[in-house]
Amino acid sequence: MASLKNKIVMITGASSGIGNACAEAFASKGANLILCARRIDRLAEIKKSLIKKYGINIFIAQLDVRKLRDVKKVIGSFPAQWKQIDILLNNAGLARGFSKVYEADITHWEEMIDTNVKGLLYVTRAILPKMVERKRGHIINIGSIAGHEVYMMGNVYCATKFAVNALTQSIRIDVLDKNIKVTSVDPGMVLTEFAKVRFSGDENSANKVYEGVTPLSPKDVAEAVIFSATRPENVNINEIILTPIIQASPAHIFRNKV
Ligand code: NAP
């Protein structure tokens, strides 16, 4: 098993849910972390708590992955000791709305495409050249089962996660001769702020998503990420798909009556 001690791991969307759980999981293995998100206050709290618990180094940066200029500027101004990133976890992402294409709010499409697809590309484009130069590194993308099968009203969110799936495969081919690993970890239903964000803070609709089920926890996903990141030098985990035991696909969910 490869060690993560003193490795530099950059996580986008580290202020909540899966990103936050991955930050803790990597910290517990002795990695040093670059944590990015828009909510810098949350990152500051996470930084304080993880340093206290694990004694690692953490650099935080406010970053909206949708803004190319900011991505270039923020990543370009990382201090020298934080420039050699070993693992990039492209996790920042969201779903907005739940409607048919002919009724959808187009601003929701823009936000999902800009964050989940273009944001992932911008960050990868900024980080990957150094990995190519060093001939080492690992890109881990958080995709979704929605990148493998569509579901009713999922249209554009599913399209963005199909795109993440395609990009993971394509980038793996791009860097085949560069000794760089490329993985996607694709979860089913996870209990995070995801549903609250999707329904713009409407708690009722968000709670319905998890009614009668025990979803994955962010920690369950973080364990899959850590597994991918700790394989021997010669092993690349291409893809991990994980769901809660009551979910067989985005559309097949067994709910206990409440
Ligand atoms: P979450 O709790 O809402 O976390 C989303 C994270 O993404 C937050 O830290 C948020 O930080 C960040 N983010 C959103 N827009 C951003 C932007 N423009 N720039 C930078 N950061 C941004 O939801 P989550 O479930 O952990 O989601 C993480 C990933 O898992 C997403 O890619 C999602 O598609 C995927 N996923 C989730 C589920 C699920 O059921 N929860 C299932 C499959 C896949 P700020 O708001 O502070 O910027």
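Residues numbered from 1 in each chain as written. Predicted model: local features only at pLDDT ≥ 70, side-chain atom pairs only at ≥ 80, totals over all residues. Heavy atoms only, no water.

Trainee: So what about the sheet that holds strand β3 (residues 58-62)? Which residues, and what values?
Mentor: With parallel pairing, seven strands are arranged side by side in an open sheet as β3-β2-β1-β4-β5-β6-β7. Looking at strand neighbours, the two that pair on one side only are β3 and β7 (239-242), the edges of this open sheet. Neighbour-to-neighbour, the strand axes of the sheet open up by a mean angle of 15°, direction not taken into account. Summarising the sheet, strand β6 (residues 180-187) and β7 pair through four bridges and their orientation is parallel. Bridging from a neighbouring strand, P187 pairs with L242 of β7. Against the sheet, helix α8 (residues 218-229) touches β4 (87-90), β5 (137-142), β6 and β7, its axis set at about 155° to β5. (Pairing = 2+ DSSP bridges. Helix = DSSP H or I, 4+ residues; strand = E, 2+ residues; numbered from the N terminus. Axes fitted to C-alpha atoms, helices over the stretch in contact; angles between N-to-C directions. Contact = heavy atoms within 4.5 Å.)

Trainee: Pulling in residues and values, what's your account of the packing of helix α1 (residues 17-28) against α8?
Mentor: Each pair of packed helices can be described by the angle between their axes along with the distance between the axes. Interhelical geometry of α1 versus α8 gives an angle of 50° and a closest axis separation of 8 Å. Here α1 is positioned oblique relative to α8, judged by the angle of their axes. Our pair here, α1 against α8, has a crossing hand that is right-handed. Between α1, through G17, I18, A21, C22, A25 and F26, and α8, the contact on the second element is made entirely by P218, K219, V221, A222, V225, I226 and A229. Looking at side-chain class alone, the contact of α1 with α8 contains 11 nonpolar, one polar and one charged residues. (Parallel < 35°, antiparallel > 145°, perpendicular 65-115°, else oblique. Left-handed = near helix turned anticlockwise from the far one by under 90°. Nonpolar A, V, L, I, M, F, W, Y, C, P; charged D, E, K, R; others polar.)

Trainee: Just give me the short version of the pairing of β3, but keep the residues and values in it.
Mentor: Summarising the sheet, strand β2 (residues 32-37) and β3 pair through five bridges and their orientation is parallel. Looking across to β3, one finds that L33 is bridged to I58. In terms of handedness, the path from β2 via helix α2 (residues 40-54) over to β3 forms a crossover that is right-handed. (Right-handed = clockwise from strand over helix to strand, strands pointing away.)

Trainee: Can you lay out the nonpolar core for me, pointing to particular residues and giving the numbers?
Mentor: Ranked by size, the top nonpolar core spans 37 residues in total, and within it I11, C22, F26, L33, L35, V185 and V225 carry the most contacts. Among the elements that line this core, the one with the most residues is α1, at seven residues. Sequence-distant contacts of L33, defined by excluding residues within four places in its chain, comprise V9, A23, F26, A27, L50, I56, N57, I58, F59 and W82. With 28 residues, the next largest nonpolar core counts A61, L63, V74 and I75 among its residues. (Core = buried A, V, L, I, M, F, W, Y, C linked by side-chain atoms within 4.5 Å. Buried < 20%, exposed > 50% of the residue type's maximum accessible area, 1.4 Å probe, protein only.)

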